[in-house]
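Residues per chain, in single letters:
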There are 2 protein chains.
Amino acid sequence: MFQKQKRHSELPPIRQTAEEFTVVDGESYLDEIFKSDMGISRSFSRFQLSHEEYEENYGRVIRGLLATGKHKFFVAVDKYGRYLGHVWVCLKIDTVDFVPSAYIYDIETLFPGIGIGSTLIERAEEWARKMGTMKISLRVDVNNPARKWYSEKGYSERAIIMEKLL
Amino acid sequence: MFQKQKRHSELPPIRQTAEEFTVVDGESYLDEIFKSDMGISRSFSRFQLSHEEYEENYGRVIRGLLATGKHKFFVAVDKYGRYLGHVWVCLKIDTVDFVPSAYIYDIETLFPGIGIGSTLIERAEEWARKMGTMKISLRVDVNNPARKWYSEKGYSERAIIMEKLL
């Protein structure tokens, strides 16, 4: 009797294999990245949108962001190549400092606390530095506990997004 | 003897005529708007740039912003049509709430304290509301005293821009 090659369903649960993650180029994982992000991002919206409306607007936002700047994706994967998290970084001229800058548009991990986010953000910074940018920025909601995490990573608070309902 | 029509140099100093301002469509004042803004914006940059580098990057940023969304400019003028201040507002889908939103990219006045800024921001909000947007947002540096002014106008703090030098 020969051992058959494991089918996908026979792989160990992803939670068990997540700790031995590696980070790879994310360009071939875009479908998975945006599927994962679309679900998570919805929880940040303060408005009630139908599923169709949300999907359409989400698509327009992503296409709009991708239309400007130079983009890079990194993905954390387990040893079976399964998606564990990603970072999306974009280079453009900063609208306040007017120098080449990097923006982290998105950073997410399925399993917090095992270093995936830290590795992804370091990889994004390393890439941005290599590309000649002078700073890296991101946006975080005022009540998001991630503010503290970014602060520990050396990020300081530069500006406030203020808003008013119409 | 007939009174000759006043030449431009014979107009009263703009400071004296500023208080009786009116707000008009800004599209025919774009040169003046960007000339004024380019000087003011430079003071917000934390980087040392040569004049040429700054001008080039400023132009790229402005063209990049103008390439997306629907834009509207309002200008405050004195009774001689002289520029006193402006607001630049842009409509697009918000990247966090995924609803049609307005962004105040820029609001400036040559003479603070006489109601020019208040009138401009109200006009921008009124236009955005009429265009069907659900909220209006802006970015302000953490140390900018304008934070208090925006807060008095009904703007609340939604998100933080964090950054790190590379």
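Placed above this text is the structure.
Quick caveat, the model's predicted, so the values are computed rather than measured.

(A) Seen up close, the side chain of B:Ser118. Along the chain, B:Ser118 turns up in helix H4 (residues 116–130). Leave out the neighbours within four places in its chain, and B:Ser118 touches B:Trp149 and B:Lys153.

(B) Molecular detail of the sheet that holds strand E1 (residues 22–25) of chain B. In space, the 12 strands of this open sheet follow the order E1(A)-E2(A)-E3(A)-E4(A)-E5(A)-E6(B)-E6(A)-E5(B)-E4(B)-E3(B)-E2(B)-E1(B), with mixed pairing throughout. Looking at the sheet topology across the chains shown, the edges are occupied by strand E1 (22–25) of chain A together with E1 of chain B. Within this sheet the neighbouring strands show an average axis-to-axis angle of 25 degrees, counted without direction. Sheet topology places strand E6 (residues 156–165) of chain A next to strand E5 (residues 135–141) of chain B; 7 bridges connect them, and they run antiparallel. Paired with A:Ile160 across the two strands is B:Val140, which belongs to E5(B). Here H4(B) sits on the sheet in contact with E6 of chain A together with E1, strand E2 (70–77), strand E3 (83–93), strand E4 (100–109) and E5 of chain B, set at roughly 150 degrees to E2(B).

(C) Geometry of the packing of aromatic side chains. According to the stated counting rule, one finds 18 aromatic pairs over all chains in the structure shown. Taking 5.2 Å as the distance between ring centres and 25 degrees as the angle between the ring planes, the aromatic pair formed by A:Phe73 and A:Trp88 counts as stacked. Separated by 15 residues along the polypeptide, A:Phe73 in strand E2 (residues 70–77) and A:Trp88 in strand E3 (residues 83–93) bring together distant segments of the chain. With respect to burial, A:Phe73 and A:Trp88 carry one shared label: buried. Considering the side-chain rings of B:Trp88 and B:Tyr105, the 5.1 Å spacing of their centres and the 85 degrees angle between planes classify their relative orientation as edge-to-face. Linking B:Trp88 in strand E3 with B:Tyr105 in strand E4, this pair joins segments that are 17 residues apart in sequence. Here B:Trp88 falls in the buried class, since its relative accessible area comes to 2%. For B:Tyr105, a relative accessible area of 24% puts it in the partly exposed group. Three or more aromatic residues link up through ring pairs in this structure, and these residues are A:Phe34, A:Phe73, A:Trp88 and A:Tyr105.

(D) A look at the relation of the copies chain B and chain A. Expressed as a screw operation, the relation of chain B to chain A combines 0.0 Å of axial shift with a rotation of 180 degrees, fitting to an RMSD of 0.0 Å. Considering both components of the superposition, the chain copies are consistent with a two-fold axis. Relative to the rotation axis, the closest C-alpha in chain B is found at B:Ile160, a distance of 2.4 Å.

(E) Highlighting a negative patch on the surface. Among the surface-exposed residues, A:Glu52, A:Glu53, A:Glu55 and A:Glu56 lie close enough to one another that they form a single negatively charged patch. Given a relative accessible area of 40%, A:Glu53 falls into the partly exposed group.

(F) Representation of unusual backbone geometry. You will see that A:Phe98, though not glycine, has its phi angle at about 60 degrees, which is positive. The exposure class assigned to A:Phe98 is buried, which follows from its relative accessible area of 2%.

(G) Seen up close, the side chain of B:Glu125. When you line up the elements, B:Glu125 lands in helix H4. For B:Glu125, a relative accessible area of 5% corresponds to the buried category. With sequence-adjacent residues up to four places away left out, B:Glu125 is seen in contact with A:Lys164, A:Leu166, B:Ile136 and B:Tyr155.

(H) Broad picture of the interface of chain B and chain A. Contacts between chain B and chain A engage 49 residues on the former and 49 residues on the latter. Summing both sides of the interface, chain B and chain A together bury roughly 5300 Å²; the carbon and sulfur share of this comes to 63%. Applying the counting criterion to the chain B and chain A interface returns 8 salt bridges. Between A:Arg158 and B:Asp141 there is a salt bridge whose closest N-O contact spans 3.3 Å. The interface formed by chain B and chain A contains 34 residue pairs in polar contact (both at pLDDT 80 or more). At the level of secondary structure, the elements contributing two or more residues to the side of chain B that touches chain A comprise helix H3 (51–66), H4, E5, helix H5 (146–152) and strand E6 (156–165) of chain B. The dominant element in the side of chain B that touches chain A, judged by the number of residues it contributes, is E6(B), at 10 residues. When its residues are assigned to classes, the side of chain B that touches chain A shows 25 nonpolar, 9 polar and 15 charged.

Parameters and conventions
- Residues numbered from 1 in each chain as written.
- Chains lettered and ligands numbered in written order.
- Predicted model: local features only at pLDDT ≥ 70, side-chain atom pairs only at ≥ 80, totals over all residues.
- Heavy atoms only, no water.
- Helix = DSSP H or I, 4+ residues; strand = E, 2+ residues; numbered from the N terminus.
- Contact = heavy atoms within 4.5 Å.
- Pairing = 2+ DSSP bridges.
- Axes fitted to C-alpha atoms, helices over the stretch in contact; angles between N-to-C directions.
- Phe/Tyr/Trp six-rings, centres within 6.5 Å; stacked < 30°, edge-to-face > 60°.
- Buried < 20%, exposed > 50% of the residue type's maximum accessible area, 1.4 Å probe, protein only.
- Least-squares fit on C-alpha atoms with pLDDT ≥ 70 in both.
- Patch = residues over 30% accessible without salt bridge, like charges linked within 9 Å, V, L, I, M, F, W, Y side chains within 5 Å.
- Areas by Shrake-Rupley, 256 points an atom, 1.4 Å probe, with all protein chains shown as cover.
- Salt bridge = Lys/Arg side-chain N within 4 Å of Asp/Glu carboxyl O.
- Lys, Arg positive; Asp, Glu negative; His and termini not counted.
- Charge placed at Lys NZ, Arg CZ, Asp CG, Glu CD.
- Buried area = accessible area lost by both parts, 1.4 Å probe.
- Polar contact = N/O pair within 3.5 Å; in protein donor to acceptor, adjacent residues only side chain to side chain.
- Nonpolar A, V, L, I, M, F, W, Y, C, P; charged D, E, K, R; others polar.

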